Amino acid sequence: MIKREQLVAMNQHYRNFSLDYFLECQQRVGYSNIELWCGASHFWLDSLNHDDCRALKKKLRDRKMKVVSVTSPSCSYQYQYAAMEPFHLERSYEYFSNGIRVAHELEARIAVVNSGWGYASEKFEEMWKRSSEHLYRLAEFAREYGVTLAMESLREDESNLVNSLPRAKRMWETVNHPNLKIMIDSIATGSAGETLDDWFDTFGGDLIHMHFLDGDPYVHNVWGEGNTPLERQLKVINRYGYHGYLVQEIADERYFNDPFAADLKNMRVLRRFLVD
């Protein structure tokens, strides 16, 4: 079983709708916690500016909701963690630092990060060095603001750096900073053939956050549309005493035209395992 407050909605699949519509839908579905995806249609974030956190906090208070974690998008955008060009890397640092400031201002304790990627033509150790140094620098910045970075692995088609458990462990140990912890993205771990047991056995209490979806294993499905055994996954989570958040990162494009229907279907499946 899982507690209702562990379930966290994410707004990425509402990119064709307003932020107000997203929040209204989450109220109707039954969520009170949000992972804020800082997409331009909902909350502007770049290397220089970001939207008004006070205005967002008022909207959340009015609906008895809160942001518990923040994602600064990187995979399909101009900012990333292992950029080769110094100007690109510095602008990326300023962007991700701004995301950490947003997390702090919204009173969220977690900012989601990843390793980024390097050029396919360059030496692996060079891109690894850039990524690890960048993450250390961001962890130092996060410590000043009382925010913890939670690093996820990516699929092999998304990153040539941290795309597996062994590489996640190596990066975590290389950075070696108290404000860098580990998270599971169940789509990335599933596509790598890894289990929740593998990750909990490796990281224990340093695994603090989770994107928890029904994979096939490559697609971010709502629960019931993939082939991930939900009940078995929840037994693993309970066995290891995980009390962190379970973010519903419903990110597949087929949900973009009617995200509310996707959320309703997802919650119908999860509701069977909820305790208040």
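Residues numbered from 1 in each chain as written. Predicted model: local features only at pLDDT ≥ 70, side-chain atom pairs only at ≥ 80, totals over all residues. Heavy atoms only, no water.

> I would appreciate a short explanation of the overall build of the protein chain in the present structure.
A tally of regular secondary structure across the protein chain gives 9 helices and 10 strands. Of all 276 residues assigned to the protein chain, the portion counted as buried reaches 56%. At a minimum sequence separation of 6, the contacts of the protein chain that also span at least 24 residues come to 78%. (Helix = DSSP H or I, 4+ residues; strand = E, 2+ residues; numbered from the N terminus. Buried < 20%, exposed > 50% of the residue type's maximum accessible area, 1.4 Å probe, protein only. Contact = heavy atoms within 4.5 Å.)

> Explain unusual backbone geometry to me, please; I cannot follow it from the model alone.
Peptide bonds are trans in most cases, and residues, glycine excluded, mostly fall at negative phi. Backbone torsion omega between Asp216 and Pro217 reads 0°, so that peptide bond is classified as cis. Structurally, Pro217 can be placed in the loop between strand S8 (207-211) and helix H8 (230-239). Positioned with a positive phi, Lys64 is a non-glycine residue whose angle comes to about 55°. Secondary-structure assignment places Lys64 in the loop between helix H2 (53-62) and strand S4 (66-71).

> Is there a simple way to think about the pattern of salt bridges in this case?
Once the charged atoms of two side chains with opposite charge are near each other, the side chains can pair. Scanning the entire structure with this criterion turns up 19 salt bridges. Here Arg254 and Glu225 are joined by a salt bridge, their closest N and O atoms 3.1 Å apart. Residue Arg254 is found in the loop between strand S9 (246-248) and helix H9 (259-270), and its partner Glu225 is found in the loop between S8 and H8; the two are separated by 29 residues along the sequence. Glu225 sits in the partly exposed class, given a relative accessible area of 31%. One salt-bridge network, held together by shared partners, links Glu225, Asp252, Arg254 and Lys265. (Salt bridge = Lys/Arg side-chain N within 4 Å of Asp/Glu carboxyl O.)

> I keep staring at the nonpolar core and nothing clicks. Help me out?
In this structure, Leu36, Leu149, Met151 and Ile237 are the most contacted members of the largest nonpolar core, which totals 74 residues. If you tally residues by element for this core, the top one is helix H4 (residues 124-144), at 7 residues. The residues touching Met151, leaving out its near neighbours within four places in the chain, are Val113, Asn114, Leu135, Val162, Ala168, Met171, Trp172, Leu180, Lys181, Ile182 and Met183. (Core = buried A, V, L, I, M, F, W, Y, C linked by side-chain atoms within 4.5 Å.)

> Would you take a moment to explain the packing of aromatic side chains for this structure?
How two aromatic rings sit relative to each other is given by the distance of their centres and the angle of their planes. As enumerated under the stated definition, the model contains 15 aromatic pairs in all. Their ring planes at 80° and their centres at 5.4 Å tell us that Trp172 and Phe203 sit as a pair that is edge-to-face. Taken as a pair, Trp172 in helix H5 (residues 165-175) and Phe203 in helix H7 (residues 196-203) lie far apart in primary sequence, 31 residues in all. Between Trp199 and Phe203, the ring centres sit 5.5 Å apart and the planes meet at 40°, which makes this aromatic pair tilted. Of the two residues, Trp199 and Phe203 both sit in helix H7, 4 residues apart, roughly one turn of that helix. Of the two residues, Trp199 and Phe203, both sit in the buried class. A connected cluster of aromatic rings, assembled from ring pairs, spans Tyr14, Phe17, Tyr21 and Phe22. (Phe/Tyr/Trp six-rings, centres within 6.5 Å; stacked < 30°, edge-to-face > 60°.)

Keep in mind these numbers describe shape, not what the thing actually does.
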